[in-house]
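One letter stands for each residue in the lines below.
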Amino acid sequence: MAAARQLLSLGNICFKDVRLRLALHGCTNRPFLHVVAIDRKSKREGDFYEQLGSYDPMANKDNEKLVALNFDRIKWWLAKGAEPSKPVAELLGLCGFLPLHPMSVIKAQRNRQNALSKDSEPTNAEEGSEEAS
């Protein structure tokens, strides 16, 4: 019944103008994002058609970033012609719902190179002891 009411209220939407986007919530220094179906021209925190999930970008004590998505509704919006924004496409790619976004691969390579370069650089204390001998 609720789904029928929701579909009735969506009767005059041009689905090509709908995007799946992240809406910022939370407070200062503690962001929390909602995945929403929203009109392309609306503000980031503007009125949205439906909330499809949530994303907590701050890592918890186990170093996990939590994501909760309603895949049935996301599939419905994508079938109607809604387009995911770049960050949402990356999230859906990492979840295995869409093909992996190319930017996800590039970010992983950069993170790997940064980790390797930090391991290979000697610390200042080691440099000073080598010069003294």
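The structure presented is a predicted model; accordingly, all values stated were derived computationally and were not measured.

**Q** Describe in detail the nonpolar core, supporting the description with residues and values.
**A** In this structure, L20, L52 and W77 are the most contacted members of the largest nonpolar core, which totals 16 residues. For this core, the secondary structure elements donating two or more residues are β1 (18-27), β2 (30-39), β3 (48-56), α2 (71-80) and α3 (86-95). Those residues in contact with L52 that sit more than four places away from it in its chain are L20, V35, V36, A37, A68, L69, N70, R73, I74 and W77.

**Q** Tell me about the pairing of β2, and please be specific about residues and values.
**A** Judged from the 10 bridges that link them, β1 and β2 form a sheet pairing that is antiparallel. Bridge pairing in β2 links V18 to D39. The antiparallel hairpin formed by β1 and β2 contains 2 residues in its connecting segment, where N29 sits at a positive phi of about 65°. Bridge analysis of β2 against β3 gives 6 bridges, and the strand direction is antiparallel. By the bridge assignment, V35 is partnered in β3 with G53.

**Q** I'd like a rundown of α2, residues and numbers included.
**A** Listed in full, the buried residues belonging to α2 are R73, I74 and W77. Seen along its axis, α2 keeps its buried residues to an arc of 100°; they face one direction. In α2, the exposed positions that point more than 90 degrees away from the buried face belong to D72, K75 and A79. G81 sits one or two residues past α2 and shows a positive phi near 115°.

**Q** Give me the lowdown on the confidence of the model for the chain, citing residues and values where you can.
**A** Across the chain, the average pLDDT comes to 81, with 81% of residues at 70 or higher. Every residue in residues 1-8 scores below 50 in pLDDT, and together they form 4 contacts with partners more than four places removed in sequence or on other chains.

**Q** I'd like a rundown of the packing of aromatic side chains, residues and numbers included.
**A** Using the criterion set out here, one finds 3 aromatic pairs in the structure. Look at F71 and F97: their rings are 5.1 Å apart centre to centre, the planes differ by 20°, and that puts the pair in the stacked class. On the criterion of sequence distance, the pair formed by F71 in helix α2 and F97 in the loop between α3 and α4 (102-120) is long-range, its members being 26 residues apart. Taking the relative accessible area as the measure of exposure, F71 reaches 33% and is therefore partly exposed. Take F97: its relative accessible area is 26%, and that puts it in the partly exposed class.

**Q** An account of the sheet that holds β3 is requested, with residue identities and associated values reported.
**A** Strand order in the open sheet formed by 5 strands is β4-β3-β2-β1-β5, and the pairing between neighbours is mixed. Of all strands in the sheet, those with a lone pairing partner are β4 (66-69) and β5 (83-84), marking the two edges. Of the strands in this sheet, β1, β2, β3, β4 and β5 touch α2, which is tilted by about 130° from β3. Against the sheet, α3 makes contact with β1, β2, β3, β4 and β5, and its axis sits at roughly 90° relative to β1, the strand it touches most.

Criteria and thresholds
Residues numbered from 1 in each chain as written. Predicted model: local features only at pLDDT ≥ 70, side-chain atom pairs only at ≥ 80, totals over all residues. Heavy atoms only, no water. Core = buried A, V, L, I, M, F, W, Y, C linked by side-chain atoms within 4.5 Å. Buried < 20%, exposed > 50% of the residue type's maximum accessible area, 1.4 Å probe, protein only. Helix = DSSP H or I, 4+ residues; strand = E, 2+ residues; numbered from the N terminus. Contact = heavy atoms within 4.5 Å. Pairing = 2+ DSSP bridges. Arc of directions from axis to C-beta. pLDDT = per-residue confidence, 0-100. Phe/Tyr/Trp six-rings, centres within 6.5 Å; stacked < 30°, edge-to-face > 60°. Axes fitted to C-alpha atoms, helices over the stretch in contact; angles between N-to-C directions.

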